[in-house]
Amino acid sequence: MAASELYAKYARVWLPDAEEVWKSAELTKDYSPGDLKLNLQLEDGTEVEHQIDPRTNNLPPLRNPNILVGENDLTALSYLHEPAVLHNLKVRFIDSKSIYTYCGIVLVAINPYESLPIYEADIINAYSGQNMGDMDPHIFAVAEEAYKQMARDERNQSLIVSGESGAGKTVSAKYAMRYFATVSCSSSEASVEERVLASNPIMEALGNAKTTRNDNSSRFGKYIEIGFNKKHCIIGANMRTYLLEKSRVVFQANDERNYHIFYQLCASSHLPEFKAFKLGCADDFHFTNQGQSPVIEGVDDAKELCNTRRAFSMLGISESDQMAIYQILAAILHLSNVEVKDQSADRSSILPDSVHLMVFCELMGVPCEDMAHWLCHRKLQTTTETYVKPVSKMNAVNGRDALAKHIYARLFSWIVCGINNALKSAAKQHSFIGVLDIYGFETFDVNSFEQFCINYANEKLQQQFNLHVFKLEQEEYMKEEIPWTLIDFDDNQPCIDLIEAKLGVLDLLDEECKMPKGSDDTWAQKMYNTLLKQNAHFDKPRMSNRAFIIHHFADKVEYQCEGFLEKNKDTVNEEQINVLKKSKVDWLLKLFEEDEKATSSRNKRKPAVTGRAGQSQRDNKKTVGLQFRQSLHLLMETLNATTPHYVRCIKPNDDKSPFIMDPVRAVQQLRACGILETIRISAAGFPSRWTYQEFFRRYRVLMKQKDVLRDRKQTCKNLLEKLVKDQDKYQFGKNKIFFRAGQVAYLEKLRSDKLRMACVRIQKTIRCWLARKKYLRMRESAVTIQRHVRGHQARCYVKFLRRTRAAVLIQRNVRMWVTRKRYQQQRSAAITVQCFLRAYMARKQYYKLVFEQKALVIQKWVKGWQARRRYKRTMAAIVLLQSCVRRMKAKKELKKLKVEARSVERIKKLNIGMENKIMQLQHKINEQHKDNRELSERLNVSEKTQTTEREKRNREIENLRRSEQEARAKAVTLPSLLEQLSFLQHELENTRREKDDLEEQGKVYKEQTQQVVEDLNMKNSLLNSEKDELNQRILEQADQLTDIKTNVENAKQLERDLTEERSRYQSLLSEHLHLEERHRDAKEEMNLSISTIKSGHTRTDSNYSSSSEFSHGLGSTEGDDGSIQTKSPTQATVDLQVLLKLQRRVKELEQNRQSLSQQLDNREEAQQEKAKEVEEQRTVGRAELDLETLKRQELESENKKLKQDLNELRKSLTNEDSELAPPIPGSLPYNILLEQLGSSNEELEMRKEEVMLLRSHMVRQEALKHKDSLLGEGLSLNLSDIPSFQDVDRSTDIHTLNEDGELWLAYEGLKETNRILECQMQEQKRAHHEDNRKLLEEVNKFKGEKEQQQRLLAQSLLLPEDARIEASLKHEITRLTNENLDLTEQQEQQDETMRKLKKQLKLYIKKVGDLEASVQQKYKAPVTTGSVRAVNITRKEKEYRGMLEYREGDEARLVKKLVIDLKPRGVAVSFIPGLPAYIIFMCIRYADNVNDDQRVSTLLNSTISSIKGVIKRRGKDFEVVSFWLANTCRLMQCLKQYSGDEAFATHNTAKQNEHCLANFELSEYQQVFGDLAIQIYRQLIKCMEDILQPLIVASMLEHETIQGILGSKPTGLRKRSSSFSEQAVTVEVLLQRLGGFHTTMSQHGMDLDLIKQLVKQQFYIICAVTLNHLLLRKDMCSWSKGLQIRYNVWQLEEWLAERELADCGAKETLEPLVQAAQLLQIKKKTEADAQVIGTMCSALTTAQIVKVLTLYTPVIEFEERVPNTFVTTVQNLLKDRVESTTLMMDTKKIFSITLPFTPSSVALETIQIPASLNLGFLARI
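All values reported here derive from a predicted model rather than from experimental measurement. (Residues numbered from 1 in each chain as written. Predicted model: local features only at pLDDT ≥ 70, side-chain atom pairs only at ≥ 80, totals over all residues. Heavy atoms only, no water.)

**Student:** Requested: an account of the overall build of the protein, with residues and values cited.
**Tutor:** Summing up its helical and strand segments, the protein has 55 helices and 25 strands in all. A total of about 104,000 Å² of accessible surface is found on the protein, and carbon and sulfur atoms cover 53% of it. (Helix = DSSP H or I, 4+ residues; strand = E, 2+ residues; numbered from the N terminus. Areas by Shrake-Rupley, 256 points an atom, 1.4 Å probe, with all protein chains shown as cover.)

Below is the structure:
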């Protein structure tokens, strides 16, 4: 495509910038070929012009589309150049907080300077087994790729980690080693992984130091080979170190530190074991205080020393060796403080009382005088003599420092050797993975020998890297069979030759070191003269003659020659070394043994020659440069022999600020580490690669329907040929399409334009639809308004007409009403006048009548008064007249009395009693006077009253007269007054009524108010009292609530503690069992190896058991079987076996017959007891019962006789000790036995029939006796034949014999019994004749056989002996075969008979059930009499006791048949669930019943061991593990259910409680089986996890229900491994698997609670794995994927609802996944959205929420990324959350299991053993 198409308006480009390196700009005008400038606009709005060089015509690089920004792989970018790489890394590092990015085969790791939660064990597990392109970039992904290639390709691997100081090389290498240690399994007892990881703290303490760029900078290079065996388990490791920076021991720049170990020692100097070292603060020693920075922020040196010591101990370095190491390090510190005094220009000395020198010598065990002497002197040897020459102070100090460096280097080497020895494995190493942690390219202001060696090593590594990248590119092209040309890349071989070739820099340096007077200046002049004009990579600075410049691949570096020779020689005073070799410290001598060995070996190789000895030693000693070159060549050979994997560490800034990138520093490192070279090589070829399916899915929108063919490959070819005319821009491979740089961006532009046009078309159509819809809605609204307006007008007109008509009607009615009212008023007035007039006339008449009546009354009273007055006057005159007459008579009498009173005697006579009479008379007189006075007073009062009344009447009369006159005067105004009066009276009455009503209302209201007040007062008082009570109660409840809350919290805490303890116990139990299995496996392997060594035999199948005892028992059993099978197969033996089998069969039949007879005896005894009870109750029919009893006794005696005969028969058949052989068929004893057997059978059948008759008779008697009872009613006997007692025709004999008719009933019952007995006798007679016929047939048959045998015997006598034996054997075989066939037919007939009887039994059981139901229905119904009918009494089946009898020693056979050889599928489908558990428990019940504890323990232990063995061997078979989990739980619950404990017995039936264990208490075995169930449960979870793990990610994340709904983004070199095959893993596949699990567990009879716990665990695994992969895959964090996840989760929830498992807690375990899916779909812009996210995502941690937001990636151009400000807002809102900081969900978490007690409803006595189980040696009891 032309440049004008790409550099069009709005295209974005990159412009160079001094500060930001590259700036983004946008074209404001189209570019045309030939233009010399580009019109651009920067992101801040500034308009700029970019000049184009007309000679080169180089345009600025184009920006990639936004959809490609932030890709995981830099090679996925369409435009591959420096600004695109830098921008992509910056976006990922700063915006997405992603520190890892792929660049083809290289992993770019940027140091975040912050601890990130992305290295936990969960993340290791998430990356384990995954392909490199499936997950987000990570160091674990590279490590997994190396581990996988090692296992797959059987080729050694290398992990090359490089970068400058502070970039994070050491940490990356450490995490890679941790990954290898985690994913591999150790093959030895001690953990090799832990020892490999333990080497890191030691090497960091001794080889790392703080620099200005890094607080933990590695000052040496190391290559660790981690060895693996054939099973890919770590067995050991080996470490090689390169170029330790020894100069740091004696010198540190400002703000730097020495090696960490010195500061750790100083920080721990207070410990007792370090007191002898006499250490102090780090500032007190010269070697540790030069940098003026003794402390690292956030690092505790004392704690780090503890970690170092722990690592030493873990690697097996003894405590004495550790103390010796610390002692030497302390001596080095004291040596740094030894002061050298200057005596003259060339002489120096050390004070003899130097404290630090004395401590140094004391710690090193050397003489103080010798060390002080040789620190200030040196020895010179000539040909003839030796000189001791003093040295100057500077040389002495340099010698002291050289000694310190040498000692530290030897100590470092010894520790490395010790670590290698500790990590060395005795086993053979099959393969290894090497981890190279080496310094990156370095350039400083002053570069010396160390930087030269470092950059030399990086040149070699870069060359190897370029060759490897080039090789991979070419291999990819060849694999896809596309035409290619050699890619030109910069080869740095000339630069390497400049350094290491002959007469190169190192060669000249070594040559100069050999010169006696060699110096840095002469070496520099030699390089100028030799290399300056010959090599373009060598240059000389303009202003210096003591420096040189080398043009490296990354940059040109200027090196200062000063110190090169001294550092290359690495000389140390030999006499000082000799002093140390004479040390009293034995451990110190170990450090110099290697030097002595090397010296001695050199002396042996090269004999002494004439010349100076010192010169020869200097010639023989290797220089540092030579050693480094040789070790580097060895390293390169190792790397070339392995498959390399590259990790390039980048340091983002020099300030160690978290997540801040300095573009200038980043670009420098990108250039230095070869990333840009990789990009350039990729860009030179075909960097963008798509599979045909991916290309079709992405660019389907660019095709028309007719262009889509069935062949996807041809469809893609047609599309590309149509869109891209230049065929050099792409190539078609076998499986992929290869594109040149920029082509994907062009295709994305076409796709974006197509989608934009489609969007415009959709918008146009939608807008048209919206406008038309709006128009139609407006038109419809207008029509509606018009309709309503017209309707309104019509309604108004109608309203007007209605109002007019209504007005006329109203007028008419009003006028009528006015006229009517006027008429009525006139009529009313007339009536009123008439009324008043008539009333007046009536009143006038009334008054007149009243007046006349009153006048008559007055006249009556006056006339009466006058008559009374005349009467009174007359009476008074009469009384007066009488009184006068009487007075006269009295006077006369008085005179007479006075005369008589003059005489004395008379007076005396009269005086007697006179006094009393006088007194009486006086009293009478007084009373009369008093009465007179009262009467007079009354008379006066009455007169006065009459007077007043008279006056009052007179006044009334006058008033009446006046009122009459006034009434006559006012008669004219009477009508109006009467009207007013009536009105006033009416008003008064109304007022009075109202007053009365008001008064009544007032009274009522007052009463009500008073009542209300009283009620309120009462209520108030009640309320107050209730308030007080409530307050008191509230206080009490508050106290109770507090107590309850405390108790609840305590209970919750206890519950949590219990759950944690349960989970901890279960995990410990699983670990314990795992260790037991490992111990057992090791023991078996040891035994196997021993047996292999001793006998050389291979292991047999009998070694399957996990228990040695059980294996022994099983082996013995198999041995027995084998012995039986290995006997000589003669025919006689075969016949004997057949005979023995027949005898055993006869024994079994006899045992069955004996059990039947015993049951019959028991039933007869029960009948006898019933008969006795009936005899006690019954008063009638005793004679009949006595007769029956006698018969029963006779039958019992006969039964005993039969038993004796059977026992004799059994003894004769089964007596193995008898000398006589078993009777031969056809012989006389055999016939006698058959006859006895037949007769016993006949007798037994007759006895059965008689017993049945007796029972029927007894039942009938009981029914007749209790005919009026419930039982009689239930039996419904037909007694219609019995005549009614109230019948008229009843004979009088019945009345005389028995009034109740009992004798009649007994007589009828006896007759019925006799009839039944006669019928049965006839049947028995027929059966007897039939049996006789059969016996005659058998006798005839036996006779025929006898005759045939006689004939054969006669024939055989004529034959020779061998033929006779053969003929007899054939005859015997034929006879036994015939008998076997006959027995088989008899067995089939018996089986058929049993089936028929079972059917009849079921029918009778149904009838009995119906009968019982009818009894319940007729409970209250009256009993009706009827005719007597025969009752059908069925015989009961044998009552089993729920036990299985087995012989002692059969436990091994039982366990083998029932556990080891059992196939769960057949048992689960065909038989009841938990059948093996029931069978084992029934055997345990038998052992308990016989009180044999040895049997119980043997059976239980064998069962446990066998189940463990089955789980161990077939632990990956879900069906097996589920089956035995269900049976183990069932067996444990049977032990609980039948233990007799009250807590469990309440759930049992009465029959089940009878089956409880009687002799043994097996609670300990309940716990053992519970632990075994937990172990199997965990194994089942592991099995489910292994099955579900490959399905979860593919079904929940990768599969799309609608293929290509939003397309896929372009990917880089790391393609996703998931294929788009037709058999894709969908959610339906996952649900089918879950359904299969559920169905299997249900078929196995697993408890529902246990199934719910397993389903909950399954859903937790699905959620955890899905969410973890979502958090580690950026390509899955999009809106469409959130929609897909929510749909998949909905399907899972529907699956739960269909199986009624919604309440098991599984739905809640999916909540984190649901919230993560919602988080992908929710709006993410404003602060309100952030608050909604914080409220919604309660099940996600803050780290997970932030991770999802940062990983959110738009799949299409129309989505928006999440701004960093929004992520920061969410972090601030969630910072107060108290939660775990881990990012991943724990996929290994197993919820604690609770084993609920679920009693079984299965009755043990009903369980039958299927014949398919081959358990014939078990017998039901």
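There's more to say after this.
**Student:** A description of the pairing of strand E19 (residues 556–560) should follow, citing residues and the corresponding values.
**Tutor:** What you see with E19 is a clean split: Val557 and Tyr559 sit on the buried side and Lys556, Glu558 and Gln560 on the side with no burial. Of the strand pairs in this sheet, strand E18 (residues 547–551) and E19 are connected by 5 bridges, and their pairing is antiparallel. Across the sheet, the residue bridging to Ile549 is Glu558, located in E19. What sits between E18 and E19 in their antiparallel hairpin is a turn of 4 residues. (Buried < 20%, exposed > 50% of the residue type's maximum accessible area, 1.4 Å probe, protein only. Pairing = 2+ DSSP bridges.)

**Student:** Could you give an account of a positive patch on the surface, naming the residues involved and the relevant values?
**Tutor:** A grouping of Arg886, Arg887, Lys889, Lys891, Lys892, Lys895, Lys898 and Arg902 is seen on the molecular surface, where their side chains present a positively charged patch. On the secondary structure map, Arg902 appears in the loop between helix H28 (743–901) and helix H29 (904–911). (Patch = residues over 30% accessible without salt bridge, like charges linked within 9 Å, V, L, I, M, F, W, Y side chains within 5 Å. Salt bridge = Lys/Arg side-chain N within 4 Å of Asp/Glu carboxyl O. Lys, Arg positive; Asp, Glu negative; His and termini not counted. Charge placed at Lys NZ, Arg CZ, Asp CG, Glu CD.)

**Student:** Could you give me a rundown of the sheet that holds strand E3 (residues 37–42), with the residues and numbers involved?
**Tutor:** Taken together, the 4 strands give an open sheet; going across it, the order is E1-E2-E3-E4, and neighbouring strands pair in antiparallel fashion. Of all the strands in the sheet, the pair left with one neighbour each is strand E1 (12–17) and strand E4 (47–51). Each strand of the sheet is rotated relative to its neighbour by a mean of 50°, with strand direction disregarded. Where E1 lies against strand E2 (residues 21–27), 6 bridges are found, and the strand directions are antiparallel. (Axes fitted to C-alpha atoms, helices over the stretch in contact; angles between N-to-C directions.)

**Student:** How would you sum up the packing of aromatic side chains? Please name residues and give values.
**Tutor:** With the rule as written, the count across this model stands at 37 aromatic pairs. Between Phe140 and Tyr179 the ring centres are 5.4 Å apart and the planes differ by 25°, which places this aromatic pair in the stacked class. Of this pair, Phe140 sits in helix H4 (residues 139–153) while Tyr179 sits in helix H5 (residues 169–183); the two residues are 39 residues apart in sequence, bridging distant segments of the chain. An identical accessibility class is assigned to Phe140 and Tyr179; each is buried. Each ring, one from Tyr1687 and one from Trp1690, has its centre 6.0 Å from the other, and the planes form 25°; the classification is stacked. With Tyr1687 and Trp1690 both in helix H50 (residues 1679–1698), this residue pair falls 3 residues apart, about one helical turn. Judged by relative accessible area, which is 34%, Tyr1687 ranks as partly exposed. (Phe/Tyr/Trp six-rings, centres within 6.5 Å; stacked < 30°, edge-to-face > 60°.)

**Student:** Which residues make up a negative patch on the surface, and what values go with them?
**Tutor:** Together, Glu987, Glu994, Asp996, Asp997, Glu999 and Glu1000 make up a negatively charged patch on the protein surface. Looking at the element boundaries, Asp996 is found in helix H31 (residues 974–1094).

**Student:** Describe in detail the nonpolar core, supporting the description with residues and values.
**Tutor:** One finds Phe180, Tyr326 and Phe548 to be the most contacted residues of the largest nonpolar core, which totals 318 residues. Core analysis: the second largest hydrophobic core is formed by 18 residues, Met703, Tyr730, Phe739 and Tyr746 among them. (Core = buried A, V, L, I, M, F, W, Y, C linked by side-chain atoms within 4.5 Å.)

**Student:** Help me get a handle on the pattern of salt bridges, residues and values and all.
**Tutor:** Inspection of every chain in the model, using the stated rule, returns 42 salt bridges. The closest approach of N and O atoms between Asp654 and Arg665, which form a salt bridge, is 3.0 Å. Of this pair, Asp654 sits in the loop between strand E20 (643–650) and helix H24 (663–672) while Arg665 sits in helix H24, and the two are 11 residues apart along the sequence. Assessed through its relative accessible area of 10%, Arg665 is described here as buried. Where Lys1788 meets Glu1585, a salt bridge forms, and the shortest distance between an N and an O atom there is 3.6 Å. Of this pair, Lys1788 sits in the loop between helix H55 (1764–1773) and strand E25 (1819–1820) while Glu1585 is found in helix H47 (residues 1563–1598), placing the two residues 203 residues apart along the sequence. Members of the salt-bridge network, linked through shared partners, are Glu164, Lys651, Asp654 and Arg665.

**Student:** With reference to specific residues and values, describe the sheet that holds strand E22 (residues 730–732).
**Tutor:** On the basis of which strands lie adjacent, the open sheet formed by 3 strands has the order E21-E23-E22 and antiparallel pairing. Every interior strand has two partners, whereas the edge strands, strand E21 (688–691) and E22, have only one. Ignoring strand direction, the axes of neighbouring strands in this sheet form an average angle of 20°. Across 4 bridges, E21 lies against strand E23 (residues 736–739) in antiparallel orientation. The residue bridging Ser688 from the neighbouring strand is Phe739, located in E23. Of the strands in this sheet, E21 and E23 touch helix H14 (residues 449–480), which is tilted by about 130° from E23. Each of E22 and E23 is contacted by helix H27 (residues 712–723), which is oriented at about 160° to E22, the strand it contacts most. (Contact = heavy atoms within 4.5 Å.)

**Student:** Tell me about the pairing of strand E15 (residues 386–390), and name the residues and values.
**Tutor:** Relative to E15, strand E14 (residues 377–381) runs antiparallel, the two sharing 5 bridges. The residue bridging Gln381 from the neighbouring strand is Thr386, located in E15. Connecting E14 to the antiparallel partner E15 that follows it, the hairpin turn spans 4 residues.

**Student:** For the environment of His377, give the residues involved together with the corresponding values.
**Tutor:** Following the sequence through the fold, His377 ends up in strand E14. The class for His377 is buried, based on a relative accessible area of 18%. Once the C-alpha coordinates of His377 and Lys389 are considered, the two residues, 12 residues apart in sequence, prove to be 5.5 Å apart. A polar contact is formed between the side chain of His377 and the backbone oxygen of His373, at a distance of 2.8 Å. (Polar contact = N/O pair within 3.5 Å; in protein donor to acceptor, adjacent residues only side chain to side chain.)

**Student:** How would you explain the packing of helix H11 (residues 355–364) against helix H12 (residues 368–375) if you had to name every residue and give the values?
**Tutor:** The geometry of H11 relative to H12 is characterised by a closest axis approach of 9 Å and an angle of 115° between their N-to-C directions. Like other packed secondary-structure pairs, H11 and H12 cross with a definite hand, here right-handed. Together, Leu357, Met358, Phe360 and Cys361 of H11 and Cys368, Met371, Ala372 and Leu375 of H12 make up the contact between the two elements. When grouped by side-chain class, the residues that make up the contact of H11 with H12 number 8 nonpolar, no polar and no charged. (Left-handed = near helix turned anticlockwise from the far one by under 90°. Nonpolar A, V, L, I, M, F, W, Y, C, P; charged D, E, K, R; others polar.)

**Student:** Outline the environment of Val1748, listing residues and values.
**Tutor:** Structurally, Val1748 can be placed in helix H54 (residues 1742–1751). The spacing of Val1748 and Arg1673 is 75 residues in sequence and 9.7 Å in space, taken between C-alpha atoms. Contacts of Val1748, omitting those with residues within four sequence positions, involve Leu1671, Leu1719 and Leu1720.

**Student:** Before we move on, could you go through the side chain of Thr1528 and cite the residues and values that matter?
**Tutor:** Note on placement: Thr1528 falls in helix H44 (residues 1518–1537). Of note is the side chain of Thr1528, whose polar atom sits 2.5 Å from the backbone oxygen of Trp1524. Discounting residues that sit within four places of it in the chain, Thr1528 has contacts with Ile1507, Phe1569, Leu1572, Ala1573 and Ile1576.

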